[in-house]
Each structure stands twice: as C-alpha cells, then as structure tokens.
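# Residue-level structural notes
Spelled out, the chains give:
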Amino acid sequence: MDQDRAKAAVARAACDLIAPQLATDSVVGVGTGSTANLFIDALAEIRHTFDAAVSSSEASTARLQAHGIHVLELNAAPAVAVYVDGADEVDPSRALIKGGGGALTREKIVAATADTFVCIVDDSKPVDRLGAFPLPVEVIPMARGLVARRLAGLGGQPVYRQGFVTDNGNVILDVHGLSITDPDALEREINHIPGVVTNGIFAAERPETVLVGTPGGVERL
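Quick look at the structure, then. In this text, all values refer to a predicted model and were calculated from it rather than measured experimentally.

## Some remarks on helix H5 (residues 144–153)
Of the residues making up H5, those classed as buried are Val-147, Ala-148 and Leu-151. Here the buried residues of H5 occupy an arc of 100° about the axis, which is enough to place them on one side. In H5, the exposed positions angled more than 90 degrees off the buried face are occupied by Arg-149 and Gly-153. Tucked into the core, H5 has its buried residues touching strand S7 (135–139), strand S8 (157–160), strand S9 (171–176), helix H6 (183–191) and strand S10 (196–199). Downstream of H5 by a residue or two, Gly-155 has a phi angle that is positive, lying close to 100°.

## Concerning the environment of Ile-40
Mapped onto the elements, Ile-40 comes out in helix H2 (residues 34–43). Its relative accessible area of 0% is what places Ile-40 among the buried residues. Measuring from C-alpha to C-alpha, the distance between Ile-40 and Cys-15 comes to 9.3 Å, with 25 residues separating the pair along the chain. The contacts of Ile-40, once residues within four sequence positions are left out, are Val-30, Ser-60, Arg-63, Leu-64 and His-67.

## Observations concerning the sheet that holds strand S11 (residues 201–202)
Strand order in the open sheet formed by three strands is S4-S5-S11, with antiparallel pairing between adjacent strands. The open sheet has two free edges, formed respectively by strand S4 (89–90) and S11, since each of these has just one partner strand. Bridge count for S4 against strand S5 (residues 96–97) is two bridges, and the pairing is antiparallel. Bridged to Val-90 within S5 is Leu-96.

## Re the sheet that holds strand S6 (residues 114–122)
Sheets are built from strands paired through backbone hydrogen bonds, the pairs being either parallel or antiparallel. Taken in spatial order, the six strands line up as S2-S1-S3-S6-S12-S13 in an open sheet, and their pairing is mixed. Of all the strands in the sheet, just strand S2 (52–55) and strand S13 (217–220) have a single pairing partner and so form its edges. Across the sheet, the mean angle from the axis of one strand to that of its neighbour is 25°, orientation sign disregarded.

## Comments concerning the nonpolar core
Grouped together as the largest cluster of nonpolar side chains are 24 residues, with contacts concentrated most on Ile-18, Val-28, Phe-39, Leu-43 and Ile-120. Put simply, the parts of the chain that give this core at least two residues each are helix H1 (3–18), strand S1 (27–30), H2, strand S3 (80–85) and S6. Examining the composition of this core, we find that five residues originate from one element, H1, more than from any other. What Ile-18 contacts, discounting residues up to four positions off in sequence, is Val-28, Phe-39, Leu-43, Val-82, Val-84 and Val-118. Counting 21 residues, the second largest nonpolar core, distinct from the first, contains Leu-130, Val-175, Ile-193 and Val-196.

## Remarks on the packing of H2 against helix H3 (residues 58–66)
Interaxial distance between H2 and H3 falls to 10 Å at its minimum, and their mutual angle equals 20°. On the basis of the axis angle, H2 is roughly parallel to H3. In the packing of H2 onto H3, the handedness of the crossing is right-handed. Mapping the contact onto sequence places Asn-37, Ile-40, Asp-41 and Leu-43 in H2 and Ser-60, Arg-63 and Leu-64 in H3. Per-class residue counts for the contact of H2 with H3 are three nonpolar, two polar and two charged.

So, how was this worked out
Residues numbered from 1 in each chain as written. Predicted model: local features only at pLDDT ≥ 70, side-chain atom pairs only at ≥ 80, totals over all residues. Heavy atoms only, no water. Buried < 20%, exposed > 50% of the residue type's maximum accessible area, 1.4 Å probe, protein only. Helix = DSSP H or I, 4+ residues; strand = E, 2+ residues; numbered from the N terminus. Arc of directions from axis to C-beta. Contact = heavy atoms within 4.5 Å. Pairing = 2+ DSSP bridges. Axes fitted to C-alpha atoms, helices over the stretch in contact; angles between N-to-C directions. Core = buried A, V, L, I, M, F, W, Y, C linked by side-chain atoms within 4.5 Å. Parallel < 35°, antiparallel > 145°, perpendicular 65-115°, else oblique. Left-handed = near helix turned anticlockwise from the far one by under 90°. Nonpolar A, V, L, I, M, F, W, Y, C, P; charged D, E, K, R; others polar.

Below you can see the structure in the form of structure tokens.
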C-alpha cells in the first residue's frame, strides 16, 4: 500500500469508527492537512448523520463547504463530539508533533474542545521518540527573536518559516535538532516562553485513538 492509498484507507476507517457515535445534532471537528483532506472527502458521504462541522483552518473550512457540510464557528458549537486530524509524528505514548501545515493553534483548541480525539496517520509517522520532524512553534511576530533565542537555549535550532503567516496572523519557527524524551514537560516549558502562542507538541491533548494505515491494512493504537 503506497502512502496515498494508506492515507485514504485510514481516513475511511476513521469515518467507520466515529459513525456510531454521531447523531443528528452532533458536531464533528476536522483538522488540517493531506490526510485530513481525505477524511473530509470520506465524511461527506455520511454528512446526513450529523449536524455540522468545526474546522481548524480556513482551507479545511473551504473543503467542507464545497462538500455541502455546514461549518460552525467553534464558539457557536454547543459541543464537539469528536475531532479527527493527522499528525507529523506519533510516539508510543500517543504524544504527537503537529503543525507542519501551520494550523497547530486552532488544531489544539479544537482537540481540547472535543469529547474524543482520533488521530489518523500513515505508517511513516509512528516513531520511537518525537523530534526528527522539526517542531513548529507559533509566535507573535514581535517576539520572534526572543523566542528563537530561548528555543536555542533548549538545544534546538529554530528556523523562521519564510513567507508563511498563520490564520491567526502569526509566524512559525520550526525547531530542528530536538530529541523529545518528555513531551509533556517540553510542551509546558515552550508554552511558557513570552510570545509563544503554542507549540506543536500534543501531549496535554493526546488522542484517545490513533489509526495507522499500513501495507497490511489499518491498525489501531
């Protein structure tokens, strides 16, 4: 199974997993990225089983609306039954690195709101230890220099993501060279740096379930 087929298979498996949880008044949270896009396409086939969606990015909102799925602002959603999104890395404890697409802050907010978080990945994403994928950190623009120096002090090599602005109007520093042995502690430490909006470690908001597309089919962690 090639990577694209694995992503499509795991997106459909996520729909099959969440379908029994949905009701006509349910709201589904949807993430951002190539695997999330395939989930949106699969979700469109069961759009009659739930009320609306909330989205972690403008791009995902546009894709949902193109499928005829009603999209709510998160503040207008009474509750979010389930949030489905991809990841850039996932470790054995189900801690994640996310934010390769730059939507990490909204992704973390929707994940925190949802009753259940389901992560969908292909088999290139599970790792023994987080950190080979550069850690995205969303930063208020005026604090970019300060935050970069603090991140360097933690042993990372921050690189400014040139020409990219988040949906929130902020910038991204991608931190290379980190070996993340304690995701929970490092997530908290980076988030305490003045000027950081949030970072792409999802440890406080770990998914309850990770579905992995493999050559042998979809596996559940």
